[in-house]
Amino acid sequence: MLAYLIRRLVQTVLVLLAVTLIVFLMMSFTGDPVFMLVPIDSQPEVVAAARARLGLDQPLPVQYLRFLGNLLSGDFGVSYVFRQPALSLILERLPATLEIVFVAIVVALLVAIPLGVHAGARPQAASSRTVMTGSLLGISLPGFWVGMMLILVFAVQLRWLPSSGRGDTVDVFGVPISIATRDGLAHVILPAVTLSLSTTAILLRMTRAGMQEVMRQDFMRFARAKGVSRQGVIWRHGLRNALSPVVTIFGLQVGDLIAFATITETIFSWPGIGKLLIDSIARADRPVIVVYLMLVATMFVLINFVVDMLYPILDPRIRAT
Amino acid sequence: MTRMLPLWRAGMLALGVSALAVGAACAKELTIGMTSDASVVDPQAGEELNSTILFYHIYDPLVRRTADLKFVPGLAESWEIVDPTTWRFKLRPGVKFHNGEDFKASDVVFTFNRLKDTNMAELGANVASVMAVDDHTVEIKTPSPFATLPNKLAEILILSEKNAGAGPDAETASPLGTGPYKLEDWAKEDHITLEAFPEYWGGKPKIDTVTLRPITNPATRTAALLTGELDLVIDLPVRDVDRVKGENGFSVVEVPSLNNMVLALDFRDKSPTIPLETNPLKDQRVRAAMAQAIDIETIRKVIMNGFSTPSDQFVPEGSVGYLPDADFHKMYPYDPEKAKALLAEAGVGDGFEITLDATNNRYVNDAQIAQAMASMLGKVGIKVNLNLMPKSNFWGYIRNPSEKSSFIMSGWNVPSADAGAMYQTLYYSRDNDKGYGQVNRGSYSNPELDKLVDAANATADVAERDRILKDATALLLKDIPMIPLHYEQDIYGVRDGVTFEPRRDKYVWAFEMDVAE
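An unreviewed UniProt entry annotates chain A as ABC transporter permease of Paracoccus suum. According to its UniProt record, chain A has this under Subcellular location (unreviewed entry): "Cell membrane".

In structure tokens, the structure reads:
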């Protein structure tokens, strides 16, 4: 177990190192940040001075090594545009992203698991067919379109919910939270639902497939024969055995949600890291882009790590080796 | 009974909230939908529209630019020319910074000195030195006579010496100006709240609280206007114009922007993207032919949906050096037959190949305009290859001197309303010790124009400068160093009850606005 852990940790570091290199090379193609900062009619000396101020006058390998060195000492660089540490810019916006991702996960689980179990246990029922059709839509409709439609219907036509922004927030341990206020909660609903859509559909289909397979197993009939109620069999014996592929997918989905939040945040003007990323790409603000990608890569790696650790707990037959 | 308690509490809460709302009803509020968040609050840290809009709420310049490009007293009450390179500005007495401290000449001196080491140093290029004569008089020296100094000063915002002098990032941490609004709250990417500064020298602002909300997605911006979350949106997308007009309680306001779309042409002997021994663009007839091959009216109608104003000259009407009754598109009207004849006359009747560099995310419909022009020029035998790229790559790609470009489409605006500023930057011969021609990407060189610009820069009299620059405008219209296309239209969506006059410079300014009770 310990060897396994160490091996995974070394892999993690290598993956992150590769990410920094790829990202840094990509950066050289995204444009010249100096020209996004100085007025276009600046004298060459002003341009050169700005370049030196940003450390961009050095050759790329030197810049990369300097960046890595800074990284090791905990310095993630300063945003060219905001003149603030890139890490603090991202950390400042991270709670907003985590918040909609969290709500999206809750929505997805609350909708997907019960419906998936139902559709798997009674595949022939009309309600199950409706659910499956719905899930197909959830997978195939593009998120930005759904987001715009939700805004049109619930904000513009019905006036039930606000169209954009974060609304009132309450500081919990210094971190602003929207879901703690009524206004904030109203602002969370549309983006979170939009974000959760494809995850809900995928989890639902995974749950259903797992349930269908489990329903055919002998132990299910045996349990029923033993006198366990139908609901008891489905939820206690069936679901638990159908769950392990769902957990794997769920883990990957959490990573996807953080990454896909980019689109949802842009549509709903949700002030999270995804929107920051899009804006930073447009402004060629390299340090912010690098820190964002590093952070997302770290999260993916960590989530996968946690998922791998969860298997043996869910299914004792699997051993971490 | 216990289950009723939360409901009861919620009821009390609702009562409390509505009581608050009643209390706030007499305070006027305005929420503006911006295209993006401001990136900095320190006016010397960067330049970009959304930050600039924020700057002008918090800070004041010495000279103020009005909505229709007039230049009137700001923090300076009056000014006079002492000798051709020395100006004396009388500062407005009784002006206070937001922290209650008096605004003094030393703040002006400090502001100009601090500017020198920033990315925005170019703004102060026309100022050699600033000296405080007494607490309310400053003397500004220019390196050479500069008749439109006051226009240029409208772009320099005055900081407090005590505040910004505290450290390189002090202004960012706690911005302090003399402007009509104070920065109250800035939740990054969500909202900026500005509170009226009651002791503002221009009078207490009519609107008490202004909220700037960045909404990058244009469709969401429109939706937020229609739901009543916003009172005003900047850059209403063209496709939503009819929708907003058709809705009760909203209207659409438009004004030609200052942004003149221009086509830069290469004047070097050999041009990088033209596979010919000599560069055909050096012949004025070829440049005229290209201008006559472009149907600007069709671009306006079909691509811009009517939201553009064909540019008559290089600078808008009202600018110093604007030539009344001269119109580029009347001098070179759309006429493909004439264009072909001109090309034949110039010895390139078989046409030639050229690459057009343009952005695809910077200007309104930039990529479509480029495509349309490629097909229009194709009809007279000029094969245009398109090289479209996002703006973050574009500026570095076409940077001066541009070794890769022959033909560039970009926008240019002159907020100082002075043709001289544009001509010396874009058309003055390069490689001179004056440092002019910084953005002369096509290496245009015309000794006559250089002479006129020098003459304009030798006088401190604005009327004379205007006269000289009018000659320069006439010369340039004939010589075609660039082809002016059109001014984009700025489009705003406004809720009824909001008093709003659009500004030519697009600097939406709540101090000039009002909302109905």
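This part covers the domain arrangement of chain A. Residues and elements named next belong to chain A. Domain assignment breaks chain A into domain 1 (33-75) and domain 2 (86-318). The C-alpha-based centres of domain 1 and domain 2 are spaced at 39 Å. At the interface, six residues of domain 1 touch six residues of domain 2. Across the domain 1/domain 2 interface, buried area totals approximately 460 Å², and carbon plus sulfur atoms make up 72% of it. Linking domain 1 to domain 2 there are zero salt bridges. For the pair domain 1 and domain 2, the number of links is zero residue pairs in polar contact (both at pLDDT 80 or more). Top element by residues in the side of domain 1 that touches domain 2 is helix H4 (residues 60-72). It accounts for three residues.

Moving on, we come to the interface of chain A and chain B. A common way to report how large an interface is uses the accessible area buried once the components associate. At the junction of the two partners, chain A supplies 46 residues and chain B supplies 41 residues. When the two sides are added together, the surface that chain A and chain B hide from each other amounts to roughly 3700 Å², 49% of it contributed by carbon and sulfur. Of all residues in chain A, the largest losses of buried area upon contact with chain B belong to Ile40, Asp41 and Arg83 of chain A, amounting jointly to 15% of the total for that side. At the boundary of chain A with chain B, the tally comes to three salt bridges. For Lys188 of chain B, the salt bridge goes to Glu92 of chain A, with nearest N and O atoms at 3.9 Å.

This next bit is on unusual backbone geometry. All names here are of chain B. Of note in the backbone geometry, Glu189 takes a positive phi value of approximately 65° without being a glycine. By the element assignment, Glu189 lies in the loop between strand S8 (181-187) and strand S9 (191-196). The phi torsion at Asp325 lies on the positive side, around 70°, for a residue other than glycine. Counting through the fold element by element, Asp325 comes out in the loop between strand S13 (308-310) and helix H11 (328-331). Residue class for Asp325 comes out exposed when judged on its relative accessible area of 81%.

Another point: the pairing of S9 of chain B. Residue and element names in this part refer to chain B. By the criterion of burial, S9 is predominantly enclosed, with five of the six residues buried. Across six bridges, the pairing between S8 and S9 is antiparallel. Looking across to S9, one finds that Leu183 is bridged to Leu194. Counted along the chain from S8 to the antiparallel partner S9, the turn is three residues long, and its residue Glu189 has a positive phi close to 65°. Note that S9 and strand S10 (residues 209-214) share four bridges and pair antiparallel. Residue pairing for S10: Ile192 is matched across the bridge by Leu212.

All names here are of chain B. Going through the model one piece at a time under the given rule, you end up with 17 aromatic pairs over all chains. Ring centres of Phe314 and Tyr427 lie 5.5 Å apart, and the angle between their planes is 70°; on these two criteria the pair is classed as edge-to-face. On the criterion of sequence distance, the pair formed by Phe314 in the loop between S13 and H11 and Tyr427 in the loop between helix H15 (419-426) and helix H16 (447-456) is long-range, its members being 113 residues apart. Ring plane angle 45° and centroid distance 4.9 Å describe the contact between Phe328 and Tyr332, whose orientation is recorded as tilted.

Residues and elements named next belong to chain B. Ordered in space as S4-S5-S7-S6, the four strands form an open sheet in which the pairing is antiparallel. Two strands in the sheet have a free side with no partner beyond their single neighbour: strand S4 (76-83) and strand S6 (129-134). Going across the sheet, the axis of each strand differs from the next one's by a mean of 25°, ignoring polarity. Here S4 pairs with strand S5 (residues 86-91) via six bridges, running antiparallel. Note that in S5 the partner of Asp83 across the bridge is Thr86. In the packing of helix H3 (residues 105-115) onto the sheet, the strands contacted are S5, S6 and strand S7 (137-141), and the crossing angle to S6 comes to about 170°.

Pairing is possible between side chains of opposite charge, provided their charged atoms come close. Scanning the entire structure with this criterion turns up 32 salt bridges over all chains. The closest approach of N and O atoms between Lys162 of chain B and Glu101 of chain B, which form a salt bridge, is 3.1 Å. Separated by 61 residues along the polypeptide, Lys162 of chain B in helix H5 (residues 161-164) and Glu101 of chain B in the loop between S5 and H3 bring together distant segments of the chain. Salt-bridge contacts for Lys506 of chain B lead to Asp490 of chain B; the nearest nitrogen and oxygen are separated by 3.7 Å. Pair noted here: Lys506 of chain B is in the loop between strand S18 (498-499) and strand S19 (514-515) and Asp490 of chain B is in strand S17 (residues 482-495), with a separation of 16 residues, a long-range link. There is no split in this pair, since Lys506 of chain B and Asp490 of chain B are both buried. Each of Glu92, Arg93 and Lys275 of chain A together with Lys188 and Glu189 of chain B takes part in a single network of salt bridges with overlapping partners.

Turning to empty space enclosed by the protein, a few remarks are in order. Residue and element names in this part refer to chain B. Within this structure, the stated rule accounts for six cavities of 30 Å³ or more. Considered as a void within the structure, the largest cavity measures approximately 100 Å³ in volume. Within the lining of the largest cavity, the residues separate by chemical class into seven nonpolar, no polar and four charged. The volume enclosed by the second largest cavity comes to roughly 50 Å³. Around the second largest cavity, the lining residues are Ala264, Leu265, Phe267, Leu426, Tyr427, Val439, Asn440, Arg441, Gly442, Tyr444, Pro481 and Met482.

Rules behind the numbers
- Sequence positions are assigned chain by chain, starting from 1 and proceeding in written order.
- Chains and ligands are labelled sequentially in the order written, the chains with letters from A and the ligands with numbers from 1.
- Local features in this predicted model are restricted to residues of pLDDT 70 or higher, and side-chain atom pairs are both shown and tallied only at a pLDDT of 80 or more, whereas totals for entire chains, interfaces and linings draw on every residue.
- Only hydrogens and water are set aside; all other atoms, that is, all heavy atoms of the structure, feed into the side-chain values.
- UniProt positions are given in the numbering used here, feature names are shortened, and annotations may be inferred rather than shown by experiment.
- A domain assignment, automatic or from a database, supplies the domain bounds used here.
- What makes two residues a contact is simply this: any of their non-hydrogen atoms within 4.5 Å.
- Summed over both partners, buried area is the accessible surface (1.4 Å probe) that two parts give up on being assembled.
- In the sections that follow, a salt bridge refers to a side-chain nitrogen of Lys or Arg positioned within 4 Å of a carboxyl oxygen of Asp or Glu.
- Any N or O atom pair separated by 3.5 Å or less is treated as a polar contact, with the protein-specific requirement of one donor-capable and one acceptor-capable atom, and with residues adjacent in sequence counted only for side-chain atom pairs.
- Secondary structure elements are defined from DSSP: runs of H or I of at least 4 residues count as helices, runs of E of at least 2 residues count as strands, and each element is numbered from the N terminus.
- Buried, partly exposed and exposed residues are distinguished by accessible area as a fraction of the type maximum, computed with a 1.4 Å probe on protein chains only: under 20%, between the cut-offs, and over 50%, respectively.
- One bridge is not enough; two strands pair if DSSP finds at least two bridges between them.
- A pair of Phe, Tyr and Trp rings is counted when the ring centres sit within 6.5 Å of each other, with Trp represented by its six-membered ring. The angle between the planes then sorts it: under 30 degrees is stacked, over 60 is edge-to-face, the rest tilted.
- All axes here are fitted lines through C-alpha atoms, helices being fitted over the stretch that makes contact, and every angle between N-to-C directions spans 0 to 180 degrees.
- Cavity and pocket criteria rest on a 1 Å grid covering protein atoms alone: a 1.4 Å probe that fits but cannot get out defines a cavity, protein on both sides within 12 Å along at least 5 of 7 lines defines an open pocket, and an atom within 4 Å of a point defines a lining residue.
- Grid points are joined across faces, edges and corners, and a volume is the space filled by probe spheres set on the points.
- Residues are sorted three ways: Asp, Glu, Lys and Arg are charged, Ala, Val, Leu, Ile, Met, Phe, Trp, Tyr, Cys and Pro are nonpolar, and all the rest, Gly among them, are polar.

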